[in-house]
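Chain and residue survey
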Amino acid sequence: MSIIAAIGLGLVMGIAFGFLLEKSRVFEPGVIVGQMQMRNFIMLRIFLAAVASGLVVLALGQLTGLIPKLDPKATLYGAQLLGGFLAGVGITLAGACPGTILAQVGVGYRDAIVTLVGGLFGALTFAYFEPTLRPILLTGSPGKLTLHGLLGLPFWPLALGFAAVLVGTLYAMERWRPWRMELGENADGVLPPTKRAERKAEAAAAPARG
Amino acid sequence: MFGFKEKAWSPYLAGALIGLLQVPAFIFLGTALGASSSYVTVSASLAELVDPGIRALSYAGKYLDGAKNWWQVALVAGIAIGAFLSATVSGTRRSAPSPVWARALGTRNTVARFALAFLGGFILLFGARLADGCTSGHGISGIAQLAVSGFIAVAAMFAGGIATAMLLKPVR
């Protein structure tokens, strides 16, 4: 595919992606920080739904031959544990993931531009440090390990089974707490204080008793 | 119910539609959705203006050219456009930092928020590049391919995210 065609396709897919990220509210810092404090589960709902539909379309793609080959990333235990942990620290402090930073920029959050610049510096710093880090963290990969590969099974039955488990999980989550309860008045995932937090605030405001 | 003017769509529907974007990614480019490597493509391309030697680095060099790399740059640029369009039709454009920060940080000081945004963005992309992927590449794409790397990275991301969030003030 030519670069121009790839850029055109990327733009069209990105506009759809950004539209859906905005409509789903998962780009909101209130949703992301709320998820990491286990006080708002909108992020997990979207994440699991996206994984479930991805599993189904990739399984169908393999079965029909439309998607003959998957593209899993190589396993690197140290890099993925440490890098993943650092990325998680960054997700909370930024209130964003690499993709949702751009959605925040698009809707106009002023701090998101700063996050974006920080992200570019972070990526560039890694690029310069990569030769140093490579012998420590980025070698000795056991390969592109997958669950179906380890179990010696074809991809599609495992993928469809896992997707079914995820759909069941989402159904249970919706029964436990409907998603609209986590939206917040301004659709930003910022929710009124819990009863417990209110009681705590009242206790702190009350004069101390001897 | 799921009109363009709605402020929020069901997270299940929106999430499932995001997952469908894997189809054009695999059919046209043979790869899955991702976002974080575009930061290397853009920052290394800018750095090349002042440091032509960056092309010689094997890691940075492989992100500078090619359809796949610039496809992903266009994808993340498109995210900003799509989010802008959606927020414009539903009246959810933003300006000041989210009110969640006043709660989580215990201050409305925007300088404090901007400093943390820079630091957060820096650690986020440094970590994501070290892990070779982010919430998109390892998360929605890696797990959808049953990749062991995806399960490890996502578990580590939630561990880091939750540990950090516990150090902030409760948001509700």
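Note that the structure is a prediction, hence the values are computed from the model and not measured. Sequence positions are assigned chain by chain, starting from 1 and proceeding in written order. The order in which chains are written sets their letters, starting at A; the order in which ligands are written sets their numbers, starting at 1. Only residues with pLDDT of at least 70 get local features here, since the model is predicted, and only at 80 or more are side-chain atom pairs given and counted; chain-wide, interface and lining totals rely on the full set of residues. Water and hydrogen atoms play no part in the side-chain values, which are based on all heavy atoms of the structure.

Summing up its helical and strand segments, chain A has 9 helices and 0 strands in all. Numbering goes from the N terminus for both helices and strands, where a helix is a DSSP run of H or I of at least four residues and a strand is a run of E of at least two. Put simply, chain A runs from its N terminus to its C terminus through helices and strands in the order α-α-α-α-α-α-α-α-α. As defined in this context, the radius of gyration uses C-alpha atoms, and a globule is described by 2.2 Å times the residue total to the power 0.38. In summary, chain A has a C-alpha radius of gyration of 21 Å against a globular reference of 17 Å for 210 residues, an excess of more than 25%. Oriented by its inertia axes, the alpha-carbon framework of chain A measures out at about 70 × 45 × 40 Å. Buried residues in chain A amount to 52% of all 210 residues. The contact definition used throughout considers only heavy atoms, calling two residues in contact when any of these lie within 4.5 Å. In chain A, the share of contacts with a sequence separation of at least 24, taken over all contacts with a separation of at least 6, comes to 64%. Under the scheme applied here, a residue whose accessible area is under 20% of the maximum for its type counts as buried, over 50% as exposed, and between as partly exposed, the area being computed with a 1.4 Å probe on protein chains only.

The next point concerns the pattern of salt bridges. Within this document, salt bridges are pairs made up of a side-chain nitrogen of Lys or Arg and a carboxyl oxygen of Asp or Glu, the two lying within 4 Å of each other. Counting across every chain of the model gives 11 salt bridges over all chains. For R45 of chain A, the salt bridge goes to E182 of chain A, with nearest N and O atoms at 3.1 Å. With R45 of chain A in helix α3 (residues 42–64) and E182 of chain A in the loop between α8 (155–176) and α9 (195–205), this pair connects stretches of sequence that are 137 residues apart. Overall, the relative accessible area of 0% leaves R45 of chain A in the buried class. Under the relative-accessibility criterion, E182 of chain A is labelled buried at 0%. Each of E22, R25 and E28 of chain A together with R94 of chain B takes part in a single network of salt bridges with overlapping partners.

Let us look at the interface of chain A and chain B. Contact with chain A, which involves 128 residues of that partner, is made by 128 residues of chain B. Summed over both sides, the interface between chain A and chain B buries roughly 11,300 Å², with carbon and sulfur atoms accounting for 75% of that surface. At the boundary of chain A with chain B, the tally comes to 2 salt bridges. The salt bridge involving R113 of chain B is made with D111 of chain A; its shortest N-O contact spans 2.8 Å. The term polar contact refers here to a pair of N or O atoms within 3.5 Å; inside protein, the definition further demands a hydrogen-donor-capable atom paired with an acceptor-capable atom, and it admits residues adjacent in sequence only when both atoms are side-chain atoms. Where chain A touches chain B, the interface holds 38 residue pairs in polar contact (both at pLDDT 80 or more). Of all the elements in the fold, those that place two or more residues in the side of chain A that touches chain B are α1 (3–24), α2 (29–36), α3, α4 (77–94), α5 (98–107), α6 (110–137), α7 (147–151) and α8 of chain A. With 22 residues, α6 of chain A is the single largest residue contributor to the side of chain A that touches chain B. Classifying every residue of the side of chain A that touches chain B by side-chain character gives 82 nonpolar, 31 polar and 15 charged. Two parts placed together each lose some accessible area under a 1.4 Å probe, and adding up what both lose gives the buried area. Classes in brief: Ala, Val, Leu, Ile, Met, Phe, Trp, Tyr, Cys and Pro nonpolar; Asp, Glu, Lys and Arg charged; the others, Gly included, polar.

Our focus in this paragraph is the confidence of the model for chain B. On a scale of 0 to 100, pLDDT captures the predictor's confidence in every residue. When pLDDT is averaged along chain B, the result is 97, and 99% of the positions lie at 70 or above. Confidence metrics for the complex model read pTM 0.96 and ipTM 0.97.

Planes of paired rings set the category: under 30 degrees apart is stacked, over 60 is edge-to-face and the rest tilted, where pairs are Phe, Tyr or Trp rings (Trp by its six-membered ring) whose centres lie within 6.5 Å. Applying the stated criterion to the full structure yields 9 aromatic pairs over all chains. One aromatic cluster is present, formed by F126 of chain A together with Y59, Y63 and F126 of chain B through successive ring pairs. Sitting above the plane of the W101 of chain B ring, R113 of chain B keeps its charged end 3.6 Å from the centroid. Distance and angle both matter: a charge sits over a ring if NZ of Lys or CZ of Arg is within 6 Å of the ring centre and within 35 degrees of the ring normal.

Moving on, we get to helix α5 (residues 67–90) of chain B. Helices are assigned an expected span. That span is 1.5 Å times one less than the residue count. For α5 of chain B, with 24 residues, the first-to-last C-alpha span of 34 Å sits near the 34 Å given by 1.5 Å per residue. Positive backbone phi, approximately 70 degrees, marks G91 of chain B, located one or two places after α5 of chain B.

Right, let's talk about the packing of α3 of chain A against helix α8 (residues 135–142) of chain B for a bit. Here α3 of chain A crosses α8 of chain B at 60 degrees, and the two axes come no closer than 8 Å. When the axes of α3 of chain A and α8 of chain B are compared, the pair comes out oblique. Counting all contacts with α3 of chain A, which are made through M43, F47, A50 and V51 of chain A, the residues of α8 of chain B involved are T135, G139 and I140 of chain B. Among the residues forming the contact of α3 of chain A with α8 of chain B, the class breakdown is 5 nonpolar, 2 polar and no charged. Angles here are taken between N-to-C directions and fall from 0 to 180 degrees, while the axes themselves are lines fitted to C-alpha atoms, restricted in helices to the stretch in contact. With respect to orientation, any angle under 35 degrees is reported as roughly parallel, any angle over 145 as roughly antiparallel, any angle of 65 to 115 as roughly perpendicular, and every other angle as oblique.

Note that I143 of chain B resides in the loop between α8 and α9 (148–167). Separated by 52 residues in sequence, I143 of chain B and G91 of chain B place their C-alpha atoms 34 Å apart. Not counting residues within four places of it along the chain, the set of residues in contact with I143 of chain B comprises F47, V51, L55 and F162 of chain A together with H138, G150, F151 and V154 of chain B.

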